[in-house]
Amino acid sequence: MFIAETKLDDSFSDALFHTSGYQMWRKNRSTHGGGLMAFLRSDIPGNRKPQHEPNQVETIAVEVNLNCKRWLIMGVYKPPSTPDMTMLNTITHHLDIVTTRYDNTMIIGDMNTDMSTPKQPNVLSGLCDIFDMNSLITDPTCYTKNSEPTTIDVILTNKPTLCHNNLNFNCGLSDCHNLIGTQIKGNIPSSKVQK
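Residues numbered from 1 in each chain as written. Predicted model: local features only at pLDDT ≥ 70, side-chain atom pairs only at ≥ 80, totals over all residues. Heavy atoms only, no water.

Draft legend 1. The layout of surface pockets, seen in detail. Within this model, the largest pocket holds a volume of roughly 1500 Å³. Taken together, the elements giving at least two residues each to the lining of the largest pocket come down to strand E1 (2-4), strand E2 (22-27), strand E3 (36-41), strand E5 (58-66), strand E6 (69-77), strand E7 (104-110), strand E10 (163-169) and strand E11 (179-184). Taken together, the residues that form the lining of the largest pocket break down as 28 nonpolar, twelve polar and six charged. (1 Å grid on protein atoms, 1.4 Å probe; cavity = no way out; pocket = protein on both sides within 12 Å on 5 of 7 lines; lining within 4 Å. Points joined across faces, edges and corners; volume = space filled by probe spheres on them. Helix = DSSP H or I, 4+ residues; strand = E, 2+ residues; numbered from the N terminus. Nonpolar A, V, L, I, M, F, W, Y, C, P; charged D, E, K, R; others polar.)

Below you can see the structure in the form of structure tokens.
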């Protein structure tokens, strides 16, 4: 699970967010919003991969192993002030490297770039074309006053057939964003109980 725009800095201890049965990683921002947090169930083999976290776009990269398949899942937050081309160039550069090491990749997060206008080319559509990715979220995810709904919260993957139960709903926790999610198909080895 990735949470964007946590608005946390180093004055908040990790202990405040500790959740039993989960690993937790943070990427704080010192001022003006932003920030990311990631949680992974402790029984799912995985770890953070900071070498796949570009500085120009807020990212937490996590390697997850399911059914002998390695995934690199990148939680991303692109601040509205970051130009779309900066995001495209940064993520393209990192995916060029990542896709040589991982057969299964996913990008999930608040990109602040609308994917709901397919007739108008945008950087996320270009990214999908370059890396043969699909957007799992197709309906609007962000509803602001005096504006048309937009699809700025996305889940992009090169393995859409390995994902199911895609979610996009208003959970009441955000001022304007829906909660989005998907499940990756796979089994987690059960731990053997010793007698």
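Draft legend 2. Expanded view of the packing of helix H1 (residues 84-101) against helix H2 (residues 123-131). Closest axis-to-axis distance for the H1/H2 pair is 10 Å, and the angle between their directions is 20°. What the angle tells us is that H1 and H2 run roughly parallel. Crossing of H1 against H2: the hand is right-handed. Residues Asp84, Met85, Met87, Leu88, Ile91, Thr92, Leu95, Asp96 and Thr99 of H1 form the contact with H2, whose participating residues are Val123, Leu124, Leu127 and Phe131. Each residue belonging to the contact of H1 with H2 can be placed in one class, and the counts come to nine nonpolar, two polar and two charged. (Axes fitted to C-alpha atoms, helices over the stretch in contact; angles between N-to-C directions. Parallel < 35°, antiparallel > 145°, perpendicular 65-115°, else oblique. Left-handed = near helix turned anticlockwise from the far one by under 90°. Contact = heavy atoms within 4.5 Å.)

Draft legend 3. Here's a closer look at the packing of aromatic side chains. All chains considered together, the criterion is met by zero aromatic pairs. The cationic tip of Arg70 hangs over the ring face of Tyr102; the distance from NZ or CZ to the ring centre is 4.3 Å. (Phe/Tyr/Trp six-rings, centres within 6.5 Å; stacked < 30°, edge-to-face > 60°. Lys NZ or Arg CZ within 6 Å of the ring centre and 35° of its normal.)

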